[in-house]
Amino acid sequence: MSKKIITIFGTARARPGGAIFTLAYETGRLLAQAGFTIANGGYGGTMLAAAKGAAEAGGDIIGVTCSAFKSGRANEYVTREIVTGSLDERLEKLVELGQAYIVLPGGTGTLLELAKVWELKNKGFLEVDKTIILLGGYWKRLVELIATEDVDSSRYVKLADGPKRAVEMIIKSLEI
């Protein structure tokens, strides 16, 4: 695959018509229009929204699913499915695939994903050019809270107010 892959993390609980679903849809659409392949967990919520946006813009979507979810099926917009055996393997694959990461609002699963890429970056295990972008203001208080204990860590994540800005930041970080 010659296209750069951007991994998007977010909640499975977002529903069509909701603000987070719309945010994910627009993010997927703009990334595909900019020539990126997107990777995500491949199921519903923001995963479905970003995949739909990317698909409607002619993009490729990698869905990294998990066989531990017995009833889970990749959404219809996934163009390439990678099935993993556990949640840990799934997250490792999503981290490995991404040349940059966008983190949407979400719950504990999304927090785990954010914490993983943030700590890998913080400890120097993630390449310097792999940008972590937190989309919208949802994670801002968490970043501020962590910075009270670990001031340097906040330099490893960037805040973007909207999808357009996030894509601009990724393009700049990858020097496309």
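A brief structural summary. (Residues numbered from 1 in each chain as written. Predicted model: local features only at pLDDT ≥ 70, side-chain atom pairs only at ≥ 80, totals over all residues. Heavy atoms only, no water.)

### A short note on the overall build of the chain
Within the chain, the secondary structure is distributed over 6 helices and 7 strands. Along the chain direction, N to C, the helices and strands of the chain fall in the order β-α-β-α-β-β-α-β-α-β-α-β-α. For a compact globule of 176 residues, the expected C-alpha radius of gyration is about 16 Å, and the chain comes in at 15 Å, within 12% of that figure. Each principal axis of the C-alpha distribution contributes one length, and for the chain these read about 40 × 35 × 35 Å. Looking at the chain as a whole, 48% of its 176 residues are labelled buried. Once local pairs closer than 6 in sequence are excluded, the contacts in the chain between residues at least 24 apart make up 68%. For the chain, the exposed surface amounts to about 8,800 Å²; the carbon and sulfur share of it is 54%. Within the chain, the 20 negative side-chain charges are centred at a point lying 3 Å from the centre of the 22 positive side-chain charges. (Helix = DSSP H or I, 4+ residues; strand = E, 2+ residues; numbered from the N terminus. Rg over C-alpha atoms; globule rule 2.2 N^0.38 Å. Buried < 20%, exposed > 50% of the residue type's maximum accessible area, 1.4 Å probe, protein only. Contact = heavy atoms within 4.5 Å. Areas by Shrake-Rupley, 256 points an atom, 1.4 Å probe, with all protein chains shown as cover. Lys, Arg positive; Asp, Glu negative; His and termini not counted. Charge placed at Lys NZ, Arg CZ, Asp CG, Glu CD.)

### Considering the pattern of salt bridges
Scanning the entire structure with this criterion turns up 9 salt bridges. Among the salt bridges present, the one from E26 reaches R29, with a minimum N-O distance of 2.4 Å. With E26 and R29 both in helix α1 (residues 19-33) and 3 residues apart, the pair spans about one turn of that helix. Residue E26 is classed as partly exposed on the basis of its relative accessible area, which comes to 25%. A residue is classified by how much of its surface remains accessible, and R29, at 23% relative accessible area, is partly exposed. (Salt bridge = Lys/Arg side-chain N within 4 Å of Asp/Glu carboxyl O.)

### Re the nonpolar core
Of all hydrophobic cores here, the largest spans 29 residues; its most connected members are I6, L31, I38, I102, I133, L135 and I170. Taken together, the elements giving at least two residues each to this core come down to β1 (5-9), α1, α2 (46-56), β5 (100-103), β6 (132-135) and α6 (163-174). A per-element tally of this core places α1 first, with 6 residues. The residues touching I133, leaving out its near neighbours within four places in the chain, are Y101, I102, V103, K158, A160, A166, M169 and I170. (Core = buried A, V, L, I, M, F, W, Y, C linked by side-chain atoms within 4.5 Å.)

### Thoughts on α6
Taking 1.5 Å as the rise per residue, α6 with 12 residues should run 16 Å; its terminal C-alpha atoms sit 16 Å apart, in good agreement. For α6, the full list of buried residues reads P163, A166, V167, M169, I170 and L174. Looking straight down α6, one finds that the buried residues subtend no more than 160° of arc, so they occupy a single side. In α6, the exposed residues that point more than 90 degrees away from the buried face are K164 and K172. Directly after α6, the chain includes E175, whose backbone phi takes a positive value near 50°. (Expected span 1.5 Å × (residues − 1). Arc of directions from axis to C-beta.)

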